[in-house]
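A look at the structure
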Amino acid sequence: MSALGHGALYGAVLIAVMLSTVAVGIWFERKFAGRMQSRLGPTIVGPMGLLQPLADVVKLLQKEDIIPAGADRALFNLAPILATIFSLGVAAVLPLSPRMIAADLDIGVVYMLAIGGLMVVPTFMAGWASNNKFALLGGMRAVAQSISYGVPLVLAVLVPVILSGSLSLAGIVRWQSEHHWFALWPVIPGLPAFALYFMAMLAEANRIPFDIPEAESELVAGVTTEYTGAKFTLFYLAEYVHTLVGSAIGAALFFGGWDGPFAPGLHWMVAKTLALFVVVYWVRWTLLRLRSDQLMELCWKWLTPIGVALVLFAAAWVQFAPQGAL
Amino acid sequence: MGHINDTLRALWTTLRTAFRPTSTVQFPAVVRPRGERYRVSFALPDDENGEMACIGCLTCERICPSQVIKVKPGVKRESPVTGKKRAYTDDFVIDLSACIQCELCVQVCNNDAIVMVREAEQPMFEREDLVLGFARLRKNATDRTRSWGYGTMLQESQEPAKVEKKAPAVKAAPAKTEPVAAAEPAKTEPVAAAEPAKAEPAKTEPAQEPAPAAVEPT
Amino acid sequence: MEMTEATLTMQSARRGRVDPHRSMRAYDADADLMLLHFGPQHPSTHGVFRMDLHLDGEIIVKATPYVGYLHRAVEKLCERLTYVQQTPVVDKNDYVSPMTNEQALTMAFEKLLGVEVPRRARWMRTLFAELQRIASHLLWLGTFALDLGGALGGGSTLFLHCFRERELILDLFEEVTGARFHYNTHLIGGNRHDLPAGFAPKVHAALAIIESRLAEYEVLSLDNGIFKMRSRGVGVLDGELALELGVTGPNLRASGVDHDLRRDAPYGAYDELAVNVVTAQGGDCFARTQVRFGELRESIRLARAAIDGMPEGPICGHKPIRQPGQAKATGGQVYVGIETPRGELGTFVVGGGDTPTCPYRLKIRPPSLHALSALPYILPGATVSDAVAILGSLDPIMGEADR
Amino acid sequence: MQSAWLSALAFLVVSTLLGLGVLGAAKALRVRARKDSRIKHLTYECGEQPDGLAWMQFHARYYVVALFFVLFDVEAVFLFPWAVVLRELGAQAFIAAVSFVVVLMLGWLYALRKEALQWQ
Amino acid sequence: MSATLGFGVVAACALLSAVFVVRAVDLIRAVLWLGITLVATAALYAMLGASFLAGVQLLLYVGGVMTLMVFGVMITRRHEGIAPTATDTVRPVRGAVVAAALFGLVAAAIVNTEGLDEAPARALAPLTLADLGRSILVEHLLAFEALSLLLLAAIIGAVVIARRRDPGPLDEPTEASR
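Treat the numbers as computed from the prediction; the structure is a model and nothing was measured.

Remarks on the overall build of chain C
Along the backbone of chain C there are 17 helices and 8 strands. Relative to the compact-globule value of 22 Å for 403 residues, chain C shows a C-alpha radius of gyration of 22 Å, a close match. Each of the three principal axes of chain C carries a C-alpha extent, and together these read 75 × 55 × 35 Å. In chain C, which comprises 403 residues, the share counted as buried stands at 70%. For chain C, the proportion of contacts with a sequence separation of at least 24, taken over those separated by at least 6, is 71%. Of the charged side chains in chain C, 42 are positive and 48 negative, and the gap between their average positions amounts to 4 Å.

Here is the structure:
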């Protein structure tokens with residue numbers, strides 16, 4: 001099969017799988033959040049409210065498309081599409097199983113960081129093109145936050161790269177399946193690096209406690225304030241996909257991806273991803289949000305040096321740890 | 001470290017809540033029980049003779065702060081049941097869309113002719129549908145469960161006891177649980193039962209002292 | 001290193017006082033401040049409140065609050081209604097604690113008309129007021145968390161947890177009055193509804209649940225690191241300024257001023273129930289939270305004491321004033337202030353006029369309005385995010401501020 | 001390796017198609033107002049008429065943050081090839097990179113001391 | 001053939017968007033057009049087999065430098081007449097001269113590069129990341145270490161600029177209050 005065909009086929013399959021996961025994920029989040037809040041969550045649409053996300057999507061798509069008067073129409077319309085592309089695009093290098101990977105780039109980690117980092121473009125574009133003060137504030141906050149947390153993210157990702165000596169996600173997973181999961185061993189750079197990755201991922205995906213760009217109690221809806229209907233749906237979708245892909249990459253980088261006994265690799269990968277996904281929700285519906293300046297200070301004053309220290313420790317481990325310890 | 005600990009405690013709290021029974025119910029399928037005093041809509045009940053009790057005295061119309069009651073008093077005529085001459089009302093309308101369910105109309109009615117019911121009206125699509133006409137108010141009297149309070153009983157319970165009674169000083173518990181579905185508002189019975197409740201006035205209270213100058217006893 | 005007017009304002013904000021009446025032209029010389037209308041249709045303005053924020057980046061340089069979006073002419077309406085008709089009308093003023101509105105109004109009328117209230121009625125009113133305080137503070141805690149954590153996050157979790165327990169109080173009120181909002185249970189001269197049988201155990205059961213859940217709320221708010229970061233040192237209101245502005249209630253006590261009408265000018269049963277006034281130092285959002293948590297515990301104690309010590313007797317002193325013609329005042333003026341969950345709710349009534357059955361003038365002094373008047377002083381120097389937290393921490397109820 | 005890039009490109013194209021598909025579906029499904037009004041297209045500002053431009057001058061700190069991001073990313077980019085050959089080259093590579101990172105962190109320390117990392 | 005076609009498309013994208021960068025009236029739009037130029041350049045690197053470089057181009061230039069420029073625009077004040085004044089005839093001429101000189105410089109550098117003729121042969125064995133690492137840490141170690149000093153200087157410069165741009169009005173009162 002040609003490379004293009006391979007990518008397109010896997011892309012179609014993977015995106016379909018991700019979208020259905022997101023749909024179920026939204027249902028689960030609403031149910032879980034409801035329980036945490038002593039509520040029932042969706043119950044009416046479908047058995048146990050399972051079809052609620054579908055109903056939501058249909059409702060959203062039916063909404064009227066309103067573009068505010070002073071908006072930059074071209075950029076306003078482009079932003080949600082770019083958000084979809086970049087959030088989904090990261091998944092191209094995601095190894096679902098030893099053989100299931102859409103684009104097995106040798107620099108998969110760099111690609112993932114780069115495409116994930118591009119999410120700032122549509123966010124800023126939306127904030128700026130809306131010609132709305134709340135949206136612009138949200139957009140600027142989003143960009144500042146996203147690039148700031150890009151640094152701990154890169155440093156956290158460097159740890160498994162150093163430990164495994166590979167820049168390909170599949171390579172890192174393979175190394176883990178032959179040795180240890182990085183979240184388990186070596187404990188010191190591994191587990192903190194995962195925590196760092198998790199925090200940075202929450203920040204990149206704008207999840208509480210780092211959801212400053214949306215901050216609906218302050219900025220109404222942040223960059224999506226002026227968006228309605230389908231375009232809003234795309235942003236909403238992009239946010240969920242971003243979280244899902246972030247969880248999947250976390251599972252691959254630190255929890256051995258497809259590696260696991262008894263079940264096929266794909267199952268393990270999906271299970272680990274969903275577990276992380278649930279933790280994201282759990283955190284989201286428990287914590288309050290930080291203020292933007294506190295967020296930045298946390299990033300630059302604490303997370304960045306911690307990340308650098310972890311990278312150096314990982315390098316030292318590779319150098320000096322006894323062979324048996326690996 | 002402190003922050004990690006805080007966060008874990010918070011996460012544990014929400015997780016624990018997730019495994020407790022929920023405090024909400026799915027409304028149309030499950031209806032939470034309301035208190036027996038719950039009051040939400042209105043009815044025009046019969047008196048002990050099986051006639052409509054309202055005599056169109058307009059007390060309720062005058063007291064209503066929202067001015068949602070419109071009464072059209074009728075002419076006095078002989079009652080077909082008792083043969084005595086009494087007043088009737090021709091029309092009685094309550095605009096529920098502006099009503100605040102304050103129960104003032106019920107409390108001032110000396111005839112127990114307007115009472116509140118415990119079952120809410122169905123949701124409507126038009127504001128006009130919330131205007132309860134004469135027929136619907138009459139129908140509510142038979143179809144819906146009456147709320148605990150009605151005029152004379154509330155009035156009696158508010159009045160301090162005029163005569164010291166020897167009855168034990170218990171709260172008027174049994175009286176309050178008068179079966180709400182009782183079709184006839186037996187006037188005298190609950191009053192008698194409510195009376196002992198007020199049998200022991202606090203010693204400091206000037207129960208029967210002359211009312212202040214500004215107050216004009218009716 | 002030129003010092004613009006904007007930076008000067010922010011400096012003075014940090015040092016002490018801001019002059020909120022300064023003309024914007026003084027700041028706006030370079031036209032690089034952004035004017036942001038914050039409200040009335042904004043998720044965190046607690047109803048329909050509007051602040052015009054002049055922003056330098058994200059930092060507020062000047063804030064101008066606008067009230068009146070919820071003005072319903074209650075005071076004017078009360079001049080047209082007779083004394084006996086007004087209790088249900090004022091229920092809607094402070095729509096988070098309707099019970100205390102009724103109480104304040106009824107107490108003012110009783111004073112004007114010279115009506116005595118029996119002891120049982122006073123104890124019942126105190127019990128209701130304390131239960132209402134618990135419900136109101138719970139709602140405040142929930143909405144404050146909503147301001148800090150958002151409707152799609154941990155904020156709403158605490159919010160719904162608080163609502164779950166507030167519901168217990170509303171159930172108790174429903175048990176007594178038959179209503180969940182328009183209680184209309186205060187009558188000039190006493191109460192309209194006596195406590196039902198077996199009410200005390202129900203109160204104790206509800207209070208036990210609420211008390212046990214307070215620890216959970218603390219884990220999700222006061223004890224939480226993020227909550228501390230968001231509330232400590234934010235919106236500092238010093239006690240002196242608070243007194244000058246007439247700020248009362250928990251907001252004042254959080255600034256270290258030991259003032260509580262329940263203890264300082266007792267009414268109801270407070271002369272018999274000793275109130276421990278809760279104060280905190282710092283005057284920031286954190287202190288305001290601490291005070292309200294303390295008051296929640298204190299109110300639980302008071303409510304327990306009130307239900308345990310509930311005296312027997314009539315619930316209405318003499319012949320209850322029910323009909324419009326019964327209450328007439330040909331003159332005189334009274335002011336009655338009571339301590340609601342938000343502070344001093346004052347009612348000033350002038351009797352007489354053309355119709356003796358109606359007040360000539362009724363003026364309500366809402367604590368929320370005075371709390372809001374502190375905003376122009378404490379907002380400059382804060383960020384937009386802080387503005388939401390500060391506004392929420394003052395616990396304004398627009399129905400009461402605008403009337 | 002170009003083939004993997006082509007696969008990635010195809011993946012991105014499929015993502016684009018999804019985005020366009022959603023917009024297209026919405027175009028077919030969505031409600032159209034019979035009557036348009038100016039107010040509907042007014043920029044949202046809490047129900048008030050917007051005053052002034054939706055443009056504010058942001059603090060220079062935003063710029064500094066972006067600069068820091070670029071600098072730290074450059075650092076990280078150099079560490080990627082280093083990470084791959086670390087095992088092979090041994091202690092010499094380790095020391096080289098450590099000194100590289102330490103020098104950079106001196107800059108971080110300087111920024112910390114000068115309170116350039118303070119957001120407010 | 002398809003490679004040539006691909007190259008043509010990508011190069012055209014890069015050039016066209018570069019033209020739009022210059023022509024754009026709105027500064028933000030200019031920066032966004034520049035983003036497309038940078039992405040197209042990354043695509044060229046990928047086509048040449050420089051995978052890592054392509055990734056780095058996306059990561060650093062599109063994600064980082066572009067953001068830097070956006071922020072650069074956003075910290076300026078909004079002026080109503082951002083568009084360059086059309087009456088100015090000297091500026092285009094000056095620009096053309098500078099562009100021509102730059103082009104000449106780059107062209108001369110390419111022509112004078114030794115061993116360019118053998119380049120296609122070498123491209124057959126693409127440079128791996130390990131090669132890159134080895135060359136950085138062995139052959140160009142000094143440059144690598146010198147680079148850290150350069151980055152340090154850049155950080156210090158950024159800090160200094162930040163302090164100059166912003167007098168830090170909020171820091172001083174805390175000092176005063178001490």
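Quick look at the overall build of chain D
A count of helices and strands for chain D gives 3 helices and 0 strands. In chain D, the succession of α and β elements from N to C terminus is α-α-α. Relative to a compact globule of 120 residues, whose C-alpha radius of gyration would be 14 Å, chain D shows 25 Å and is clearly more extended. Residues classed as buried in chain D amount to 53% of the 120 residues present. As presented, chain D carries roughly 5400 Å² of accessible surface, and 64% of it is formed by carbon and sulfur atoms.

Some points on the sheet that holds strand β1 (residues 34-38) of chain C
In any sheet, the strands associate via hydrogen bonds between backbone groups, in a parallel or an antiparallel arrangement. Across the sheet, 3 strands lie side by side as β1-β2-β3 (chain C); this open sheet has antiparallel pairing. At either end of the open sheet lies a strand with only one pairing partner, and these are β1 and β3 (59-66) of chain C. Across the sheet, the mean angle separating the axes of adjacent strands is 20° when strand polarity is ignored. Bridge analysis of β1(C) against strand β2 (residues 50-56) of chain C gives 5 bridges, and the strand direction is antiparallel. By the bridge assignment for β2(C), Phe38(C) is matched with Met51(C). With respect to the sheet, helix α6 (residues 133-164) of chain A is in contact with β1 and β2 of chain C, its orientation differing from that of β1(C) by roughly 110°. Along the sheet, helix α16 (residues 384-393) of chain C contacts β1, β2 and β3 of chain C; its crossing angle with β2(C), the most-contacted strand, is approximately 150°.

Some remarks on a nonpolar patch on the surface
Taken together, the side chains of Leu4(A), Leu6(D), Leu9(D), Val13(D), Leu17(D) and Leu20(D) define a hydrophobic patch exposed on the protein surface, amounting to about 520 Å² of accessible area. With 5 residues, the top contributor of residues to the nonpolar patch is helix α1 (residues 2-29) of chain D. Relative to the helices and strands, Leu6(D) is located in helix α1.

Topic: the interface of chain A and chain D
Note on interface size: it is often stated as the accessible area lost on association of the parts. In this assembly, 86 residues from chain A lie in contact with 65 residues from chain D. Buried surface at the junction of chain A and chain D, summed over both partners, amounts to about 6500 Å²; 78% is from carbon and sulfur atoms. When the area that chain A buries against chain D is broken down by residue, the three leading residues are Lys133(A), Trp300(A) and Gln319(A), summing to 10%. For Lys40(D), the salt bridge identified is with Glu64(A), shortest N-O distance 2.9 Å. For the pair chain A and chain D, the interface holds 10 residue pairs in polar contact (both at pLDDT 80 or more). Elements with a contribution of two residues or more to the side of chain A that touches chain D: α1 (3-36), α2 (52-62), α3 (73-89), α4 (108-117), α6, α10 (229-254) and α12 (292-320) of chain A.

Thoughts on the side chain of His242(A)
Residues and elements named next belong to chain A. By secondary structure assignment, the location of His242 is in helix α10. For His242, a relative accessible area of 13% puts it in the buried group. The contact partners of His242, leaving out residues within four places of it in the chain, are Ser87, Gly116, Met119, Glu204 and Ala205.

Regarding the confidence of the model for chain C
Note that predicted coordinates carrying low pLDDT should not be read in detail. Residues and elements named next belong to chain C. Per-residue confidence for chain C averages 84 on the pLDDT scale, and 92% of its residues sit at or above 70. Scored below 50 in pLDDT, residues 1-5 shows 8 contacts in the model against residues more than four places distant or in partner chains. Note on residues 7-15: pLDDT under 50 across the span, and 24 contacts to partners over four residues away in sequence or across chains.

So, empty space enclosed by the protein
Residue and element names in this part refer to chain A. Taken as a whole, this structure holds 11 cavities of 30 Å³ or more when the rule is applied. A volume near 160 Å³ is recorded for the second largest cavity. Lining the second largest cavity are 14 residues, and of these Gly116, Leu153, Tyr197, His242 and Gly246 lie nearest its centre. Contributing elements (two or more residues each) for the lining of the second largest cavity: α3, α4, α8 (187-204) and α10. A per-element tally of the lining of the second largest cavity places α10 first, with 4 residues.

Quick look at the packing of helix α6 (residues 119-149) of chain C against helix α7 (residues 154-177) of chain C
All names here are of chain C. For the pair α6 and α7, the least separation of the axes is 8 Å and the interaxial angle reads 160°. As far as their axial angle goes, α7 and α6 are roughly antiparallel. Handedness of the α6/α7 crossing: left-handed. Looking at the contact of α6 with α7 residue by residue, the class counts come to 17 nonpolar, 7 polar and 2 charged.

With respect to the domain arrangement of chain C
Residue and element names in this part refer to chain C. For chain C, the domain assignment lists domain 1 (5-66) and domain 2 (74-402). Taken residue by residue, the interface counts 23 residues in domain 1 and 24 residues in domain 2. The contact between domain 1 and domain 2 buries some 2000 Å² in all, and 67% of this surface belongs to carbon and sulfur atoms. For the pair domain 1 and domain 2, the interface holds 3 residue pairs in polar contact (both at pLDDT 80 or more). Looking at the side of domain 1 that touches domain 2, the elements with two or more residues in it are α1 (5-15), β2 and β3. The element that contributes the greatest number of residues to the side of domain 1 that touches domain 2 is β3, accounting for 6 residues. Taken together, the residues of the side of domain 1 that touches domain 2 sort by class into 15 nonpolar, 4 polar and 4 charged.

Overview of the environment of Leu310(A)
All names here are of chain A. On the secondary structure map, Leu310 appears in helix α12. Assessed through its relative accessible area of 8%, Leu310 is described here as buried. Between the alpha carbons of Leu310 and Ala92 there is a distance of 28 Å; along the sequence they are 218 residues apart. When neighbours within four sequence positions are excluded, Leu310 is seen to be in contact with Val159, Ile188, Pro189, Pro192, Ala193 and Leu196.

Considerations on the nonpolar core
One broad trend across soluble globular proteins is that nonpolar side chains are buried collectively. Formed by 325 residues in total, the largest nonpolar core has its most connected members in Ile162(A), Phe68(D), Phe80(D) and Trp82(D). No other element matches helix α2 (residues 60-89) of chain D, which puts 20 residues into this core. With 22 residues, the next largest nonpolar core counts Val71(B), Cys99(B), Leu132(B) and Leu137(B) among its residues.

Things to note about the pattern of salt bridges
Oppositely charged side chains are able to pair whenever their charged atoms sit close together. One pass over the full model with this rule turns up 53 salt bridges over all chains. The salt bridge partner of Lys231(A) is Asp65(A), with a shortest N-O separation of 3.2 Å. In this pair, Lys231(A) sits in helix α10 while Asp65(A) sits in the loop between α2 and α3, placing the two residues 166 residues apart along the sequence. Its relative accessible area of 7% is what places Lys231(A) among the buried residues. A residue is classified by how much of its surface remains accessible, and Asp65(A), at 24% relative accessible area, is partly exposed. For Arg34(B), the salt bridge goes to Glu174(C), with nearest N and O atoms at 3.2 Å. Separated into two different chains, Arg34(B) in the loop between α1 (2-18) and β1 (41-43) and Glu174(C) in helix α7 make up a pair that spans both.

Looking at the packing of aromatic side chains
Within this structure, the stated rule accounts for 32 aromatic pairs over all chains. Seen in terms of ring centroids, Phe134(A) and Tyr44(D) are 6.0 Å apart; in terms of plane orientation they differ by 40°. Their pairing is tilted. Of this pair, Phe134(A) sits in helix α6 while Tyr44(D) sits in the loop between α1 and α2, which puts the two residues in different chains. Three or more aromatic residues joined by ring pairs make a cluster, and in this case those are Trp181(A), Phe194(A), Tyr197(A), Phe198(A), Phe254(A) and Phe255(A). The ring of Tyr38(B) carries the charged tip of Arg34(B) above its face, separated from the ring centre by 4.3 Å. Taking the ring centre of Phe163(C) as reference, the NZ or CZ of Arg166(C) above it sits at 5.2 Å.

Topic: the sheet that holds strand β8 (residues 361-365) of chain C
All names here are of chain C. Read from one edge to the other, the open sheet built from 3 strands follows the order β6-β7-β8, with strand pairing classed as antiparallel. Only two strands of the sheet have a single partner each, and these edge strands are β6 (333-340) and β8. Mean inter-strand twist for the sheet, computed between neighbouring axes without regard to direction, equals 15°. Note: β6 against strand β7 (residues 343-350), 8 bridges, orientation antiparallel. In the strand pairing of β7, Tyr335 is matched with Phe348.

Thresholds applied
Residues numbered from 1 in each chain as written. Chains lettered and ligands numbered in written order. Predicted model: local features only at pLDDT ≥ 70, side-chain atom pairs only at ≥ 80, totals over all residues. Heavy atoms only, no water. Helix = DSSP H or I, 4+ residues; strand = E, 2+ residues; numbered from the N terminus. Rg over C-alpha atoms; globule rule 2.2 N^0.38 Å. Buried < 20%, exposed > 50% of the residue type's maximum accessible area, 1.4 Å probe, protein only. Contact = heavy atoms within 4.5 Å. Lys, Arg positive; Asp, Glu negative; His and termini not counted. Charge placed at Lys NZ, Arg CZ, Asp CG, Glu CD. Areas by Shrake-Rupley, 256 points an atom, 1.4 Å probe, with all protein chains shown as cover. Pairing = 2+ DSSP bridges. Axes fitted to C-alpha atoms, helices over the stretch in contact; angles between N-to-C directions. Patch = residues over 30% accessible without salt bridge, like charges linked within 9 Å, V, L, I, M, F, W, Y side chains within 5 Å. Salt bridge = Lys/Arg side-chain N within 4 Å of Asp/Glu carboxyl O. Buried area = accessible area lost by both parts, 1.4 Å probe. Polar contact = N/O pair within 3.5 Å; in protein donor to acceptor, adjacent residues only side chain to side chain. pLDDT = per-residue confidence, 0-100. 1 Å grid on protein atoms, 1.4 Å probe; cavity = no way out; pocket = protein on both sides within 12 Å on 5 of 7 lines; lining within 4 Å. Points joined across faces, edges and corners; volume = space filled by probe spheres on them. Parallel < 35°, antiparallel > 145°, perpendicular 65-115°, else oblique. Left-handed = near helix turned anticlockwise from the far one by under 90°. Nonpolar A, V, L, I, M, F, W, Y, C, P; charged D, E, K, R; others polar. Domains from an automatic or database assignment. Core = buried A, V, L, I, M, F, W, Y, C linked by side-chain atoms within 4.5 Å. Phe/Tyr/Trp six-rings, centres within 6.5 Å; stacked < 30°, edge-to-face > 60°. Lys NZ or Arg CZ within 6 Å of the ring centre and 35° of its normal.

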